[in-house]
Protein chains: 2
Amino acid sequence: MEQHQHEDWLRKRKENKASRSVESIFEGIQKHDRFALSAGITLIESQLESDKPLANELIRKCLPLSGKSRRIGITGVPGVGKSTFIEAFGNVILNQGYKLAVLTIDPSSATTGGSILGDKTRMHTLSQELNAYIRPSAAGSTLGGVARATRESIYLCEAAGFDVILIETVGVGQSETMVHSMVDFFVLLMLAGAGDELQGIKRGIMELADALLITKADGGNVKMAKLAKASYANALHLFPPKENEWIPRTEICSSLTHFNLDEVWKISDEFFRHNISNGWIERYRSKQDVNWMKETLDELVLSGFYRKPGFEDNFNRIKQAISTQKMSACEAAEELYSLFSK
Amino acid sequence: MEQHQHEDWLRKRKENKASRSVESIFEGIQKHDRFALSAGITLIESQLESDKPLANELIRKCLPLSGKSRRIGITGVPGVGKSTFIEAFGNVILNQGYKLAVLTIDPSSATTGGSILGDKTRMHTLSQELNAYIRPSAAGSTLGGVARATRESIYLCEAAGFDVILIETVGVGQSETMVHSMVDFFVLLMLAGAGDELQGIKRGIMELADALLITKADGGNVKMAKLAKASYANALHLFPPKENEWIPRTEICSSLTHFNLDEVWKISDEFFRHNISNGWIERYRSKQDVNWMKETLDELVLSGFYRKPGFEDNFNRIKQAISTQKMSACEAAEELYSLFSK
């Protein structure tokens, strides 16, 4: 066998093997095998160029089986008790007979390589349940990369038969709007009396919430939680009505005593019944997908442009011209564009 | 003379005439002639392709004379009394011996063609002052176009010798962050007791403010204004410190009785003295210009890509493939990109 024939044969064997592995992961996912699901998500998270077509193939296979879950986002500032809430609320969901997957988006894992959400042991009880699957955020990637992986992990979890998917975000930076853009129902956890300015009002998150839960309503905190509920309910009332006509709900609850967690599930149940029957969820998801496609395309187009040979030198030269008032910012942009758009 | 020679001659004559007109506008601006300034801003606002190189030429001439003013942004929800504030505060500025230009950014002028800020007679006293120049937002353009024109009008006003430039925004949509991106000192007007959720906290505007003024502090309102001042001062305190180490200030004032308007001027004066001496203003403006250049370039690159022949048909085809779950959003973006990036 000649050299190039041998290389060809090696490459084909590798491709066949890889393709067989995608096929076996997909078969496992269809059989609700959580090890196959984990292997699939790892493939999606892979930074290797050679893994990308395989990940795309796997997603394409899973897509027709996806879309049947309730996608619920959970956010709130650090300290509000997101993981204890998910642990307690997750058990309520499991008790209803549903299969639950928990995914997390954590920008700190992108910047530090470590993850403050990545510790599975935080959700101790839940992680031991047969019908629960917990997957922390991929580390060592960009926030955009983490968002992409999480979005595509949803399809895999759905193909693996999970009925409810909780997506947790650590609640800083842009992670909330990212999670909001991939879920149907968005829950904001709040602490009573911690000062609104610390809790997302200033970041425009309250407008996105479908339900606002005052956590830690137990013991001596109940009274303050009730006051906070009334005041938030009043504030929510002032926002413009949502497209799906859902009026955001406010409730108090406790992850410690499980107080009102059934009520929270009822609220989400009402939301889904209302919005599945009127066709909103389907339209909304399709809109989310198209937006996601546009954002991804924007990124590809811009990074393609900014990576053109010689761009950086010219960019720095023109930055200099702006700083020294030789050129207006607008004219500078036009010059850079005409230089590199050919 | 042959036909093409004649056309050539006509074109050159036209170009010479246009160029002479830019030269004469620039001369007028240097002589602080407000009619020349108005003609210059009209040229900048022009939608005609043939006017663009002339506008660029005029801006290039004005740039070396620009940069000496104090650029102050004024925002607040409709009804907070922005124009009466500018009328009253403008007189305080004029009394200090400064020359004042007032520019406005009004997104409604972009969408409806009319302008709720465009009525010069609203600032009745100010518009009759020799040292004041009031220019409403250009109508019939996009918000981006209005922002560009306003930004470049700043250079012209500065070249025409104005010491203080107030930029007013109607306070809805994206107009506040746009104004913030072109001024040094950003003032948020607030009403006492109107509910925070209505007044920009939810839109993340409070974080941008260098000064927060409770307006209409006259008659029976003074007590409530003082309470609001204390509560906002407390809230502002919780935001992370600004890069220039300026601690945002809160004050009450009245445009009706002129109560505390001198104090407001003192605050802005303190801001500028602090931030000119430490070199921050210069660095900040240069950063603003570079950001503006990047944003403009992004827009040019994306609109260039999306206008490629055949793009729209393919975009619609792929949107269909996403809606019918034949393709993931990410894969769709990659396909569109590889089709049109050649």
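Throughout what follows, the structure given in this document is the object of discussion. Since the structure is predicted, the reported quantities are computational estimates derived from the model, not experimental observations. (Residues numbered from 1 in each chain as written. Chains lettered and ligands numbered in written order. Predicted model: local features only at pLDDT ≥ 70, side-chain atom pairs only at ≥ 80, totals over all residues. Heavy atoms only, no water.)

A few points about the relation of the copies chain A and chain B
Between the two copies of this chain, the relationship is a rotation about some axis together with a displacement along it. Put simply, the test is: Here the copies are matched by least squares. The fit uses the C-alpha atoms of residues with pLDDT of at least 70 in both. Whether two residues are in contact is decided by their heavy atoms: any pair within 4.5 Å suffices.
For the pair chain A and chain B, the relating rotation is 180°, the translation along its axis is 0.0 Å, and the fit reaches an RMSD of 0.0 Å. Overall, the copies show the geometry of a two-fold rotation axis. When the interface residues of chain A are mapped onto chain B, 100% of them are again interface residues, pointing to one common binding face.

Some words on the pairing of strand β6 (residues 211-214) of chain A
All names here are of chain A. Applicable threshold: Burial here depends on accessible area, computed with a 1.4 Å probe over protein chains only, as a share of the maximum for the residue type. Under 20% is buried, over 50% is exposed, and the range in between is partly exposed. The helix and strand labels rest on DSSP assignments: H or I over at least four residues marks a helix, E over at least two residues marks a strand, and numbering proceeds from the N terminus. Whether two strands pair comes down to DSSP finding at least two bridges between them. With its strands directed away from the observer, a crossover is right-handed exactly when the path from the first strand over the helix to the second travels clockwise.
Across the two faces of β6 the burial is the same, with Ala-211 and Leu-213 and Leu-212 and Ile-214 all buried. Pairing of strand β5 (residues 185-190) with β6 involves 4 bridges; the strand directions are parallel. Among the inter-strand pairings, Leu-188 is bridged to a residue of β6, identified as Leu-212. Pairing geometry for β6 and strand β7 (residues 249-252), over 4 bridges, is parallel. Within β7, the residue paired with Leu-213 across the bridge is Glu-251. For the segment spanning β6, helix α9 (residues 222-237) and β7, crossover handedness is right-handed.

Some words on the packing of aromatic side chains
All names here are of chain A. Stated precisely, the cut-off is as follows: In this scheme Phe, Tyr and Trp rings, the latter by its six-membered ring, pair at centre separations within 6.5 Å, and the angle between planes marks the pair as stacked below 30 degrees, edge-to-face above 60, and tilted otherwise.
Per the stated rule, a full pass over the model turns up 34 aromatic pairs over all chains. Between the aromatic rings of Trp-246 and Phe-271, the centroid separation amounts to 5.1 Å while the plane-to-plane angle is 85°, which identifies the pairing as edge-to-face. On the criterion of sequence distance, the pair formed by Trp-246 in the loop between α9 and β7 and Phe-271 in helix α10 (residues 261-277) is long-range, its members being 25 residues apart. When sorted by exposure, Trp-246 lands in the same class as Phe-271, which is buried.

A word on the interface of chain A and chain B
Applicable threshold: The term buried area denotes the loss of accessible surface (1.4 Å probe radius) that occurs when two parts are joined, taken as the sum for both partners. In what follows, salt bridge is the name for a side-chain nitrogen of Lys or Arg lying within 4 Å of a carboxyl oxygen of Asp or Glu. N or O atoms within 3.5 Å of each other form a polar contact, as long as, within protein, one can give a hydrogen and the other can take it, and as long as residues adjacent in sequence are counted only when both atoms are side-chain atoms. Lys, Arg, Asp and Glu make up the charged group, whereas Ala, Val, Leu, Ile, Met, Phe, Trp, Tyr, Cys and Pro make up the nonpolar group; the residues left over, Gly among them, are polar.
At the interface, 49 residues of chain A touch 49 residues of chain B. Interface area, chain A with chain B, both sides summed: about 4,600 Å², of which 69% is carbon and sulfur. At the boundary of chain A with chain B, the tally comes to 4 salt bridges. Close ionic contact of Glu-331 of chain A with Arg-60 of chain B constitutes a salt bridge, the shortest N to O distance being 2.1 Å. At the boundary of chain A and chain B, one finds 10 residue pairs in polar contact (both at pLDDT 80 or more). Residue assignment for the side of chain A that touches chain B shows that the elements contributing at least two residues are α3 (52-62), α7 (143-159), α11 (280-306), α12 (311-323) and α13 (329-340) of chain A. Considering each element in turn, the side of chain A that touches chain B owes the most residues, 15 residues, to α11 of chain A. Among the residues forming the side of chain A that touches chain B, the class breakdown is 26 nonpolar, 9 polar and 14 charged.

Brief notes about the side chain of Arg-70 of chain B
All names here are of chain B. Inspection of the secondary structure assignment puts Arg-70 in strand β1 (residues 70-75). Within the structure, the side chain of Arg-70 is placed 2.7 Å from the side chain of Asp-269, a separation counted as a polar contact. Ignoring anything within four residues of it in the chain, the contact list for Arg-70 reads Tyr-98, Asp-163, Val-164, Ile-165, Asp-184, Trp-265, Asp-269, Phe-272 and Arg-285.

Re the sheet that holds strand β2 (residues 100-105) of chain B
Residue and element names in this part refer to chain B. Going by this rule: Working convention: axes come from line fits to C-alpha atoms, limited for helices to the stretch in contact. Angles between N-to-C directions cover 0 to 180 degrees.
Spatial ordering of the open sheet is given by β3-β2-β4-β1-β5-β6-β7, a layout of 7 strands whose pairing is parallel. In this open sheet, the two edge strands, each paired with only one partner strand, are β3 (132-135) and β7 (249-252). Going from strand to strand, the sheet's axes swing by 20° on average, the running direction of each strand aside. Direction of pairing for β1 relative to strand β5 (residues 185-190): parallel, over a ladder of 4 bridges. Bridge pairing in β5 links Thr-75 to Leu-188. Sheet strands in contact with helix α7 (residues 143-159) are β1, β2 and β4 (164-169), and its direction is about 170° off that of β2. Across the sheet, helix α10 (residues 261-277) is in contact with β1, β4, β5, β6 (211-214) and β7; its angle to β1 comes to roughly 130°.

Things to note about the sheet that holds β5 of chain A
Residues and elements named next belong to chain A. Strand order in the open sheet formed by 7 strands is β3-β2-β4-β1-β5-β6-β7, with parallel pairing between adjacent strands. Looking at which strands have only one partner, the edges of the open sheet turn out to be β3 (132-135) and β7. Across the sheet, the axes of successive neighbouring strands diverge by a mean angle of 20°, strand direction being ignored. Bridge analysis of strand β1 (residues 70-75) against strand β4 (residues 164-169) gives 5 bridges, and the strand direction is parallel. Residue pairing in the sheet places Ile-74 in a bridge with Glu-168 of β4.

Comments concerning the environment of Thr-104 of chain A
Along the chain, Thr-104 of chain A turns up in strand β2 (residues 100-105). Along the backbone, Thr-104 of chain A and Arg-60 of chain A are 44 residues apart, and their C-alpha atoms lie at a distance of 23 Å.

Looking at the pattern of salt bridges
All names here are of chain A. Using the criterion set out here, one finds 32 salt bridges over all chains in the structure. Two residues, Asp-269 and Arg-273, come together in a salt bridge whose shortest N-O distance is 3.5 Å. A residue pair is termed a helical-turn pair when its members lie 3 or 4 positions apart in one helix, as Asp-269 and Arg-273 do in helix α10 at 4 residues. Asp-269 sits in the buried class, given a relative accessible area of 18%. Salt bridges sharing common partners tie together Arg-70, Asp-269 and Arg-273.

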